[in-house]
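Report on the structure
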Amino acid sequence: MEVKLITCGLPYANGKAHIGHLRTYIPADVYVRYLRLMGKNVLFICGSDCHGTPIVINAEKEGISPRDLVNRYHEHFKKIFSAVGVEFDFFGRTDSDYHHEMTVEFVKRLIENGYVYSKEVELAYCPKCRRFLPDRYVEGICPYCGAVARGDECDQGCGRYLEPGEIKEPRCKICGSKAEFRKQKHFFFRLTAFKEFLLEYLEKLRGTENALNYAREWVKKELKDWCITRNLEWGVKFPGEDLVVYVWVDAPIGYISYTREACRVKGCDWEKIWIEGTNADNGIRWTDVTHFIGLDIVYHHCIFWPSMLKGAEFALPSAVVASGMVKVEGKTFSKSRGYVVWVEDDYLKEGFHPDYLRYYIVNYTSHQKDLNFSWKIFMEKVNNELIANLGNFIYRVLHFAWKNFGGNVWDVLDASGDFSVDEEVKKAVEKAKNEIVKAVSSWEFKVASDAFMELSGFGNNYFQSKKPWERVKTDKVECAKTIANCLQIVRALVILAYPVLPFSMEAVGKTMGIDVKNSKMDDALKFEKVNVLEKPKPPFKKVEEEKVEKMEKIMLERIRKAEEAEKAGAEKKPEIVAIDDFLRLDIRVGKILKAERIKKSKKLMRLEVDVGNEVRQIVAGIAENHKPEDLAGKLVVVLANLKPARLMGVESQGMLLAADVDGKAVLLTPEREVPPGSRVR
RNA sequence: GCCGAGGUAGCCUAGCUGGUUGGGGCGCCUGACUCAUAAUCAGGAGGUCGGGGGUUCGAAUCCCCCCCUCGGCACCA
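Keep in mind that what you see is a predicted model, and the values were worked out from it rather than measured. (Residues numbered from 1 in each chain as written. Chains lettered and ligands numbered in written order. Predicted model: local features only at pLDDT ≥ 70, side-chain atom pairs only at ≥ 80, totals over all residues. Heavy atoms only, no water.)

What about the overall build of chain A?
Helix and strand counts for chain A stand at 21 helices and 28 strands. Counting only C-alpha atoms and orienting by the principal axes, one finds that chain A spans roughly 110 × 65 × 50 Å. Counting over 681 residues, chain A shows a buried share of 52%. Across chain A, the fraction of contacts at a sequence separation of at least 24, relative to all contacts at a separation of at least 6, is 73%. Of the roughly 31600 Å² that chain A leaves accessible, carbon and sulfur atoms contribute 49%. Distance between charge centres in chain A, computed from 105 positive and 99 negative side chains, equals 2 Å. (Helix = DSSP H or I, 4+ residues; strand = E, 2+ residues; numbered from the N terminus. Buried < 20%, exposed > 50% of the residue type's maximum accessible area, 1.4 Å probe, protein only. Contact = heavy atoms within 4.5 Å. Areas by Shrake-Rupley, 256 points an atom, 1.4 Å probe, with all protein chains shown as cover. Lys, Arg positive; Asp, Glu negative; His and termini not counted. Charge placed at Lys NZ, Arg CZ, Asp CG, Glu CD.)

Below is the structure:
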């Protein structure tokens, strides 16, 4: 049978698992389990992303080798995934031999096909450390927005990806000394050659709209060739050079190398999946591969990765499913600000059941939308939905059957000779099943989980209206019929809810002699004899209010600490400068003569400022909270000897000084009228 | 400013190829019941369907303008 390959974005082996990770992995696992219930032959793979500079830096900080650091988090993720029931067929790592081999093969194919060329680039080099400073070893100024940036990304400013050599005023992050630019040969991937291909590919690629729109938008703009080598010891060696392959090149190749390894174990054919594919269509060779990823790595999976595959003549994935972002207590997820829920420390070690989190993540909202995690809502959903509806129905039925019939409802029915499942019960089960199949195929896991909850609601209703607790005293056969019907519903629920709640449903199934793991979706529709084999236990335990209060407290404390740390960091930063340094700045009072908004800009204002001996044109980012008419005639403080720059095509010959209050500019002005041009010192 | 995705009761949502009183879940209120983890069942309150125009016999649903949220881009010298 044809294999459906499902992958998840590789977790970076540099930190612990948090709830944001699970936002992608749990729905993927749910998807896989549903597919298997539907009889599909699925291969579900993932693994650690082990290379890259952050891992090297962190290992160095801890005084251990990158390998040791990676080992730690690789094991951590494996443990977490197994604890929350995310069961991969194979969980590999990119620092393994098989992956290095695969990557080298892959890169060689790109080279052979002419998609790689070398170019001299100027790179930051630290004379003191005597080495090139790749990526995040470099701190400097972003050439686009002027913010303090890392070597490969303007992480605090405009967020842009920076090509090696682009950064301004680089400094070595390790020793702090000034870095210099030196020439160095690097290798580039001809991404620009794939524009036409990408436009077509993205037309036909399936997946969630959030991913596809984002990628299409990106391709329509200008593509740049991509530097795919780095000066680093840790990583996959670039063939024939003293360089390493950029981590974002080797990481996705993990999908292939892991598939090959998984196939070695499982006996499938990796080449059929990744090379032959399923069907070709106008030069695009498709393969049945679905990537589950987070919204933050869409362009890697929709732009870089398909281009690489095309360039190396591999088959192309058919779907990219991106999960929405996670918020914590309504706030944007942020580890540094304390808005984070750690899977191990905050959840598992506190004794919360993995199925609860699976339900929450899947059922809170649509897969594409942002998911808000709140402990209060968590408790409400678990106690009022999962337990009050589903758990209660399952337990009341099993318990009733056990207490009144010793579990063998069918003994009574067999004796009576006539029994068939109620039509309305059949219909309800069928409806749930159909809805689930439909929802799963469009990655709408909330809709799928709502469907089995609705079935459970139907069950409660049915049970209630038939009043078996009264019937048991008057007409035992009638009562048994009701319970037998209810048992059919429970059986269906066990199967239909299993992908979302694998631990609990497996346990319930066991008390009824159902082997859920090997069941098929249609078994939910087979209405056959089922009994309760052992004394049933309530399938779920309530979440205690005190527990939730405790978690909220932990969260608040963490946020408070993060805020403190941020403040402390902000206060510590400024370095001491000599008076000479200050005197190099020509700061003067200026008078605004004219102010107007720069059209097409939200923030920029064009000003004409009298700075004493001349009138300067200055562009300032103050349009958001200042009106042009209020500015004319105002005295302001101007940095007059700043190197001129062009903003939105308008030259700026200086800079207005302002206090930064929550990102908004508050202009400085002298306490009394002074002549324009007065020096500030 | 440009491009995407959204804005439906306190929260999560269905509806969006226009058509009987805008559905559902959670919470809330009232009643019923007691097999069940104070679970369940019945009933109810609660909505200017972001705002304003327009098309139409008729719009949450189509068109135009505006506002707000989120993400991306352009930008805070």
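The rest of the description comes next.
Observations concerning the nonpolar core
Judged by nonpolar contacts, the single largest core of 175 residues is most densely connected at Trp274 and Phe452. Core analysis: the next-biggest nonpolar cluster, separate from the first, contains 15 residues, Ala595, Val611, Ile618 and Leu656 among them. (Core = buried A, V, L, I, M, F, W, Y, C linked by side-chain atoms within 4.5 Å.)

A short note on the sheet that holds strand E18 (residues 331–332)
Taken in spatial order, the three strands line up as E18-E17-E19 in an open sheet, and their pairing is mixed. Of all the strands in the sheet, the pair left with one neighbour each is E18 and strand E19 (371–373). Both strand E17 (residues 326–328) and E19 contribute to a ladder of three bridges, which runs parallel. When the sheet's bridge partners are listed, Val328 is paired in E19 with Phe373. (Pairing = 2+ DSSP bridges.)

A short note on the packing of aromatic side chains
A complete count under the given rule lists 45 aromatic pairs for this structure. Pairing Tyr25 with Phe81 gives two aromatic rings, centres 4.7 Å apart and planes at 65°, and the pair type is edge-to-face. Of this pair, Tyr25 sits in helix H1 (residues 19–37) while Phe81 sits in helix H3 (residues 66–83); the two residues are 56 residues apart in sequence, bridging distant segments of the chain. A relative accessible area of 2% places Phe81 in the buried class. Aromatic side chains Tyr117 and Phe188 sit 5.7 Å apart centroid to centroid with 15° between the ring planes, which places their arrangement in the stacked category. (Phe/Tyr/Trp six-rings, centres within 6.5 Å; stacked < 30°, edge-to-face > 60°.)

Some thoughts on the pairing of strand E20 (residues 587–597)
Bridge count for E20 against strand E23 (residues 635–639) is five bridges, and the pairing is antiparallel. Note on E23: the bridge partner recorded for Gly590 is Val636. Summarising the sheet, E20 and strand E21 (residues 605–610) pair through six bridges and their orientation is antiparallel. Opposite Glu596, over in E21, you have Arg606 as the bridge partner.

Notes on the pattern of salt bridges
Under the counting rule described, the total for this entry stands at 41 salt bridges. Put simply, Arg606 and Glu608 hold a salt bridge, and the shortest N to O gap is 2.9 Å. Under the relative-accessibility criterion, Arg606 is labelled buried at 13%. With relative accessibility at 24%, the residue Glu608 sits in the partly exposed group. (Salt bridge = Lys/Arg side-chain N within 4 Å of Asp/Glu carboxyl O.)

Quick look at the environment of Leu533
As for its placement among the helices and strands, Leu533 is situated in the loop between helix H18 (502–511) and helix H19 (545–572). Separated by 487 residues in the primary sequence, Leu533 and Cys46 place their C-alpha atoms 38 Å from one another.

Some thoughts on H18
Among the residues of H18, those classed as buried are Pro502, Ser504, Met505, Val508, Gly509 and Thr511. Those residues of H18 that are buried are in contact with H1, helix H11 (354–363), helix H12 (375–405) and helix H17 (476–497). Looking one or two residues past H18, Gly513 carries a phi angle of roughly 70°, positive in sign.

Focus on the packing of helix H4 (residues 97–112) against helix H9 (residues 298–311)
Packing of H4 against H9 leaves a shortest axis separation of 9 Å and a crossing angle of 70°. By the angle class used here, H4 and H9 are roughly perpendicular. On H9, the residues that touch Phe106, Arg109 and Leu110 of H4 are Trp305, Met308, Leu309 and Gly311. Here the residues of the contact of H4 with H9 are counted per class, giving five nonpolar, one polar and one charged. (Axes fitted to C-alpha atoms, helices over the stretch in contact; angles between N-to-C directions. Parallel < 35°, antiparallel > 145°, perpendicular 65-115°, else oblique. Nonpolar A, V, L, I, M, F, W, Y, C, P; charged D, E, K, R; others polar.)

Looking at the sheet that holds E21
Taken in spatial order, the five strands of this open sheet run E22-E21-E20-E23-E26, and their pairing is antiparallel. In the strand order of this sheet, the two ends are held by strand E22 (615–620) and strand E26 (655–656), each with one partner.

So, unusual backbone geometry
Leaving glycine out, the prevailing phi sign among residues is negative, and the prevailing peptide bond configuration is trans. We note that Asn282 has phi near 55°; this positive angle belongs to a residue other than glycine. Here the phi dihedral of Trp443 falls at roughly 60°; this positive angle occurs in a residue that is not glycine. Residue placement: Trp443 occurs in the loop between helix H14 (423–441) and helix H15 (445–466).

Remarks on the packing of helix H6 (residues 209–220) against H9
Where H6 contacts H9, the axes come no closer than 9 Å and their chain directions differ by 55°. Between H6 and H9, the interaxial angle falls into the category oblique. Along this stretch, H6 crosses H9, giving a crossing that reads as right-handed. Where H6 approaches H9, its residues Ala211, Tyr214, Ala215, Trp218 and Val219 are matched on the opposing element by Val298, Tyr299, Cys302 and Ile303. For the contact of H6 with H9, a count of residues per class yields nine nonpolar, no polar and no charged. (Left-handed = near helix turned anticlockwise from the far one by under 90°.)

Focus: helix H13 (residues 409–416)
Listing the buried residues of H13 in full gives Val409, Trp410 and Leu413. One side of H13 carries all its buried residues, which in axial view fall inside an arc of 80°. Across H13 from its buried face, at more than 90 degrees, point the exposed residues Asp411 and Ala415. Taken together, the buried residues of H13 touch H12 and H17. Note on H13: the residue one or two positions beyond its end, Gly417, has a positive phi of about 85°. (Arc of directions from axis to C-beta.)

Brief notes about the pairing of E23
Walk down a regular strand and you will see the side chains alternate between the two sheet faces. Burial analysis of E23 places five of its five residues in the buried class, which makes it a mostly covered element. Neither face of E23 is open: one carries Leu635, Val637 and Leu639, the other Val636 and Val638, and all of them are buried. Across two bridges, E23 lies against E26 in antiparallel orientation. Following the sheet pairing, Leu639 is matched in E26 by Met655.

Some words on a nonpolar patch on the surface
Together, Ile579, Phe582, Leu583 and Leu585 give the surface a local cluster of nonpolar side chains, amounting to about 350 Å² of exposed area. The residue Leu583 is located in helix H20 (residues 579–583) in this model. By relative accessible area, Leu583 is classed as partly exposed at 45%. (Patch = residues over 30% accessible without salt bridge, like charges linked within 9 Å, V, L, I, M, F, W, Y side chains within 5 Å.)

These figures come from the coordinates and say nothing about function on their own.
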